[in-house]
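Chain by chain, the residues run as shown.
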Amino acid sequence: MSKEYNPKEIESKWQKKWEDDGLYQANIDESRKKFYALTMLPYPSGDLHTGHWYAIAPSDARARFKRMQGYNVMFPIGFDAFGLPAENAAIARGIHPREWTYKNIQNMRSQLKRMGTMVDWRREMISSDPKYYRWTQWFFIQLFKHDLAYRKYSPVDWCPQCNTTLAREQVHGDDRHCERCSTPVIKKDLEQWFFKTTNYADELIDFSQIDWPDRVKTLQTNWVGRSEGADVVFKTEDGDDLTVFTTRPDTLWGATFMVLAPEHLLVDKVTTDEQKEAVGKYREDAILKTEIQRASVDKEKTGVFTGGYAINPVNGVRIPIWIADYVMMGYGFGAIMAVPAHDERDFAFARQFELEIIPVIQPEGESFDGKTMPEAYVGPGLMINSAQFNGTAVTDDKGRKNPGLDKVIDWLEKEGLGKEAISYKLRDWLISRQRYWGAPIPMIYCEDCGWNPVPDKDLPVVLPDDVEWLPTGESPLKLHPTWKDTICPKCGKAAIRETDTMDTFMCSSWYHLRYLSPDYDQGPFDPKEYDYWMPVDLYTGGIEHATMHLMYTRFFHKALRDMGVTEGHEPMTMLRNQGMVLGEDGEKMSKSRGNTVAPDELVNKYGADTVRSYLMFFARWDLGGPWNSQGIGGTERWLYRVWTLYTDPAEGSKPADGVMRDIKRDLHTALNNITRDYEQVEFNTIISTLMELLNNLVLAKRNGAANSPEWRGILETYLLMIAPAVPHIAEELWTEVLGNEYSIHTQKWPEADTELMAVEEITLIVQVNGKLRDRIVVPVDITREDAEKTALASPGAAPYLEGKDIRKVIVVPGRLVNIVI
RNA sequence: GCCGAAGUGGCGGAACUGGCAGACGCGCGCGACUCAAACUCGCGUUCCCUUGAGGAUUGUGGGUUCGAUUCCCACCUUCGGCACCA
C-alpha cells in the first residue's frame, strides 16, 4: 500500500463517520470521571476566522487528550447570538436580525465541523432562542426577587454610536470608548436596571478555589479596587454631617481643607452668597466637561472656594470647603478631606491656591516645613502634630496592618467620630440596553403596584418580529404599537412592559449551564446533569474578557449560590487564555487592513490536520503572534512524512545494534514530555516533540527498525500520541493502514515507561572554571571518583589544568564535572 | 503615574530542580535528483576574529554561586490594563 496522503478525502470521510456513529456524544456515566472542557462560545458574525480556530482547535486537542486518558469528556459549543451587529445589519441591509443570525450560525456550524472537533452537537445552545432566553429572563427575575437586581436613576455611560447605555466594564481606555465600536461614550442621566455585583466585591477578589492565570486575577483585583480605610464624619459650620472616606485616617491632623465633587448635595448649602456666582459657574463648566471628557491627569488643578467651612472632628480646627473636579461623585462620598502634606493631588491643589500645608508624618532625620516642602511625602515615618498620637509609627502597609492606621481607627470608633471602612472601585452592573436584538427584560410597570416581574407561566417574554430598527436612542420595542401593553400581574390593571433588553453578557454568564441540558424545560438546567458535569474543568478563551464576561459569570454563580439555585460558586476551576493571531504584518487582523487569513482557504489547501497542528505549533499559545504563511509548510511536511513512514516499505534487513533500544527510549521520553505539556496546556512543544520523534523514527526505520517485531507497537504508540492534535490522519493510518480496530479516538492514551526512558550512557560535561572544555561518554552509574578522574584526565580539559593548582572539583552525578582552578 | 506581562540567532520559539544555550520549525546556504525548475531528500546555519584545544553571547548594569536564560537588586524597551479612586 502506498497511497498518497490526501487530507481532503480522509478528513471529510472521517468527520462524517464520527458524526454518524455519535462517537463524541457525552452522556452521564457515573462509572467514569467527568471532564468538562469549555471554550468561549463564538458570536455568529458570519465567518469563522483564524481567531476562532486558534481558540477552539488547540482546546479540542486538549479535550481529546483528556478523553484518551479515560475521562468522560464534554466539549460543547454554542452561539452568543444576541447582539448589536445583527441589528446593525438589519438597519444597513434590511435583513431581519434573526435571519441574519441564523444564517451565520448555519454557515459557522459547518465551518466548525470541518475543523474535526469532538464537539457533541446535541448540546448546542443558541442564546437568541426563546427556549434559551426564557431562562435568561427567569434568572433576571430570581435576581430581582433576591434583591440583587434593582432600578436606579443615575448618570450612566452612553454610546452615541450604538445608541445604548453600557456597563462600566464596557467602557475602555483613556478616552473612555465603547468596547464594541470604539466611539467615546458620553454621560446621560437615566433610570436603568442594575445587578448588585458590588455585594460580591470581596468574593470576586478571592481566587483561592480556582487555578486562573495571574494576569486575569490581577486585572480583576484591580478592577474591584478594594481600599481599606475609614469613614470619618466632619461637620459643616451649619452642623450638617460631611462624611468622607479616607485610606489615611492617620493623617487626619494634617487635613487643612475639604474638597467636594461639584455635584455634591451639600454644595448649595455650604456656599456663601459671595461665592455663589463663582461656584455656580465652576459647576456648570465641570458638568460640561464630564460630557465631553473628564480631565486628563497632568492638567493643572482647578477649583473654587465655596465660602463655607467644616470642623475637623479630631482637633476642632475650622477648615475651608472647596469644590474641584478632581473629586469624583461616583467614588466614596464624593467628598474628601485634603491632606496636602501627604497626598500628591491635594499638594498640587494646595500649592495652586496657596492653602495651608501641615506635615503630620515625618521619617526620622527629616524635618518637614509645609511652606517649603517640594512635594507631598507619602512614605513611612512617625506621626507628628497629631496630639496624643505623636510618635506613632506609620508604615507602608495598607489598612489595619499599618500600626498608625490601626490605632487611629480604634480611637475614631471609640470617640464616635468615624469607623473602619472599605471602599471599592467596582460599580454595580448596568444591564439595560436600548436595543432590539437581546433578551427582553421580563418586568412590568404598573402605576399602582410599581415594578413586578412577569409571572413564570408567561415566560418567555418573546421578542416581536415586527419592529423598526431605527437607531433612535430609544429601544425599538418602545416604538412597537402594542407590544409593551400588558396587564399588571399584581392588580390586573393595564400596565406596560420594560422595553429595554438585557446586556448580552447576561446571556453568556450562564450558557455553560445550558449545555448541560439544552432542551430541559423544568428549569435552566437539569440538576442531574449539573451534579455530574459542573464545574467546568478547563475554560479557554481570550483575555479581553477578564473584567467583563469572566467577572460577570463569577458574580452570577455566587448569586446563584445565594439564591439556592446551585451550590458551587466558582463556575470554572481552571482558566487558560490564548493570545491573538496577528496578520503577517504584525498588526491585528482586519478586513480593512487586508491582512486576514481565511481558515476555509487554509483547510482547502492544506487540510484541517495541518491547520490544527500549525496553530498549536507556531507560537506560544498564551501569547499568540503574527501569522507566517511559509511556516505552515513545516507542519504540512511533518504530516506528509508521517504518512510516508507508515506507507513506505521497510528498509534494510535487521535493525542495527542499539537501534531498538534507542528508539524506544526516544518514544517514551517524548511521550512523557507530551503528556506533561498537554496537562500544562502548552501546545507548541507538543508538536515540536512529535516532529523530533518522527525524525528519530525515520532514522530508526532507515537503520532496519521496521524489520523488528517491536516496530508495529512503536508505530501504534506514535499514532496514539498524534491523535488529539491531528485526529483525521491518525484515524486513517490506525484503521486503514495498520488495520487496527476503529476508532483510534476510543483508545487509551499510552503510559510512558520510565524504565525504557532510562539511559545507560551519558555525556559527561567537563568544565574548567565553568567553561565547557570536553564531553565524554561514560556509563550512567559512574561513581563520583571515577567521574572526577575521567574529567581531570580528559583531553579537552587537561591543557587548561597544566601547572595549575586545582582548588576544587564539583561533581554533579549524571551531568557534569566542574574543575575550579 | 500605578499595576501586570514579556525581552534568547535573520524569524517563531525550546531549555519544566541553578548544570551542554539555541531543541523543533520557518528562512537562508551548499549538495543530490532534474534538460531545467518546483517538489522531495541529504548536509550546514548564534555572532566575531588574527580560523583555534580561540573569544563573546539569553535587553543593560551589578550581585549571589564552582556554575545563572533560570535566583536577588537597579535600570532600559515593548505590549496590556487602570488612570485625579481620596
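Scroll up to find the structure this text is about.
Residues numbered from 1 in each chain as written. Chains lettered and ligands numbered in written order. Predicted model: local features only at pLDDT ≥ 70, side-chain atom pairs only at ≥ 80, totals over all residues. Heavy atoms only, no water.

(A) Region of the structure containing the pattern of salt bridges. Enumeration according to the criterion identifies 57 salt bridges in this entry. Among the salt bridges present, the one from Lys558 reaches Glu203, with a minimum N-O distance of 3.7 Å. Pair noted here: Lys558 is in helix H16 (residues 549-562) and Glu203 is in helix H6 (residues 201-204), with a separation of 355 residues, a long-range link. For Glu203, a relative accessible area of 25% translates into the label partly exposed. A salt bridge links Lys281 to Asp285; the shortest N-O distance between them is 3.3 Å. Note that Lys281 and Asp285 are positioned in helix H9 (residues 276-292) at a spacing of 4 residues, about one turn of the helix. On the accessibility criterion, Lys281 (53% relative accessible area) is exposed. Shared partners join several salt bridges into a network, and the residues in it are Glu203, Arg554, Lys558, Arg561, Asp562 and Glu570. (Salt bridge = Lys/Arg side-chain N within 4 Å of Asp/Glu carboxyl O. Helix = DSSP H or I, 4+ residues; strand = E, 2+ residues; numbered from the N terminus. Buried < 20%, exposed > 50% of the residue type's maximum accessible area, 1.4 Å probe, protein only.)

(B) Representation of the sheet that holds strand E1 (residues 34-39) in the model. Strand order in the open sheet made by the 4 strands is E2-E1-E25-E26, with parallel pairing throughout. Each edge of the open sheet carries a strand with a single partner, namely strand E2 (72-74) and strand E26 (575-578). Each adjacent strand pair in this sheet contributes to an overall mean axis angle of 20°, direction not counted. Where E1 lies against E2, 3 bridges are found, and the strand directions are parallel. (Pairing = 2+ DSSP bridges. Axes fitted to C-alpha atoms, helices over the stretch in contact; angles between N-to-C directions.)

(C) Spotlight on the sheet that holds strand E3 (residues 149-159). Strand order in the open sheet formed by 4 strands is E4-E3-E7-E18, and the pairing between neighbours is antiparallel. In this open sheet, the two edge strands, each paired with only one partner strand, are strand E4 (164-166) and strand E18 (429-430). Examined bridge by bridge, E3 and strand E7 (residues 186-195) share 10 bridges and lie antiparallel to one another. Its bridge partner being in E7, Tyr150 is matched across the sheet by Phe194. Docked against the sheet, helix H5 (residues 130-145) engages E3 and E7, running at close to 90° with respect to E7. (Contact = heavy atoms within 4.5 Å.)

(D) Quick look at the nonpolar core. Formed by 95 residues in total, the largest nonpolar core has its most connected members in Trp638, Tyr678, Tyr718 and Ile722. Setting aside residues up to four positions removed in sequence, Tyr718 forms contacts with Trp638, Val642, Tyr646, Leu667, Leu690, Leu693, Leu694 and Leu697. Ile210, Leu477, Ala495 and Tyr552 belong to the second largest nonpolar core, which has 85 residues in total. (Core = buried A, V, L, I, M, F, W, Y, C linked by side-chain atoms within 4.5 Å.)

(E) Representation of the packing of helix H19 (residues 632-647) against helix H21 (residues 684-702). At a closest axis distance of 10 Å, the pairing of H19 and H21 adopts a crossing angle of 35°. You can see that H19 and H21 cross each other, and the crossing is left-handed. Residues Gly634, Thr635, Trp638, Arg641, Val642, Thr644 and Leu645 of H19 form the contact with H21, whose own contacting residues are Ile687, Leu690, Met691, Leu694, Asn695, Leu697, Val698 and Lys701. (Left-handed = near helix turned anticlockwise from the far one by under 90°.)

(F) The arrangement of the protein's contact with RNA strand B in detail. Arg168, Lys301, Tyr331, Arg345 and Phe618 are the nearest of the 61 residues found near RNA strand B. In RNA strand B, the atoms that sit within 4 Å of the protein are 61% sugar and phosphate, with bases accounting for the remainder. Interatomic distance of 3.2 Å between a side-chain N/O atom of Asn222 and a sugar or linking oxygen of RNA strand B. In the model, a base oxygen of RNA strand B is placed 2.6 Å from a nitrogen or oxygen of the Asn818 side chain. Among the elements that line the surface near RNA strand B, the one with the most residues is H21, at 7 residues. Split by residue class, the surface near RNA strand B holds 22 nonpolar, 18 polar and 21 charged. (Near = heavy atom within 4 Å. Polar contact = N/O pair within 3.5 Å; in protein donor to acceptor, adjacent residues only side chain to side chain. Nonpolar A, V, L, I, M, F, W, Y, C, P; charged D, E, K, R; others polar.)

(G) Structural detail: helix H11 (residues 403-415). With 13 residues, H11 should reach 18 Å at 1.5 Å per residue; the first-to-last C-alpha distance of 18 Å fits that figure. Of the positions making up H11, those classed as buried are Gly404, Leu405, Val408, Ile409, Trp411 and Leu412. The buried residues of H11 occupy an angular sector of 165° when the element is viewed end-on, so they sit on one face. Looking at the buried positions of H11, the neighbouring elements they touch are strand E8 (227-236), strand E15 (381-383), strand E16 (393-394) and strand E17 (418-423). Of the residues trailing H11, Gly416 is marked for its positive phi of about 70°. (Expected span 1.5 Å × (residues − 1). Arc of directions from axis to C-beta.)

(H) Structural detail: the packing of aromatic side chains. In the structure shown here, the tally under the stated rule is 51 aromatic pairs. On the basis of an interplanar angle of 85° and a centroid distance of 5.5 Å, the ring pair of Trp322 and Phe349 is categorised as edge-to-face. Within this pair, whereas Trp322 is found in strand E12 (residues 318-323), its partner Phe349 is found in helix H10 (residues 344-353), the two being separated by 27 residues in sequence. Phe349 carries the same exposure label as Trp322, and that label is buried. Centre to centre, the rings of Phe349 and Phe353 are 4.8 Å apart; their planes meet at 50°, and the pair counts as tilted. Of this pair, Phe349 and Phe353 both sit in helix H10, 4 residues apart, which is roughly one turn of that helix. Taking the relative accessible area as the measure of exposure, Phe353 reaches 26% and is therefore partly exposed. A network of ring pairs unites the aromatic residues Phe140, Phe144, Trp193, Phe195, Tyr200, Trp429, Tyr445, Trp451, Phe505, Tyr552 and Phe555 as a single cluster. The cationic tip of Lys113 hangs over the ring face of Trp121; the distance from NZ or CZ to the ring centre is 5.1 Å. A cation sits over an aromatic face here: Lys152 above Phe194, 4.9 Å from the ring centre. (Phe/Tyr/Trp six-rings, centres within 6.5 Å; stacked < 30°, edge-to-face > 60°. Lys NZ or Arg CZ within 6 Å of the ring centre and 35° of its normal.)

(I) Region of the structure containing the side chain of Arg283. Assignment of secondary structure puts Arg283 in helix H9. Non-local contacts of Arg283, meaning those with residues more than four positions away in its chain, are made with Pro262, Glu263, His264, Val267, Asp268 and Ile323.

(J) Up close: the environment of Asp80. With respect to the element layout, Asp80 can be found in the loop between E2 and helix H3 (84-93). Between the C-alpha atom of Asp80 and that of Pro42, which follows or precedes it by 38 residues, the distance is 5.9 Å.

(K) Looking closely at the pairing of strand E32 (residues 816-820). Among the 5 residues that make up E32, 5 are buried, leaving the element largely enclosed by the rest of the structure. Pairing geometry for strand E29 (residues 761-768) and E32, over 4 bridges, is parallel. Its bridge partner lying in E32, Ile765 is registered against Leu816. Across 5 bridges, strand E31 (residues 808-812) lies against E32 in antiparallel orientation. Within E32, the residue paired with Lys808 across the bridge is Val820. The turn joining E31 and E32, which pair antiparallel and follow one another in sequence, is formed by 3 residues; a positive phi near 80° is taken by Gly814.

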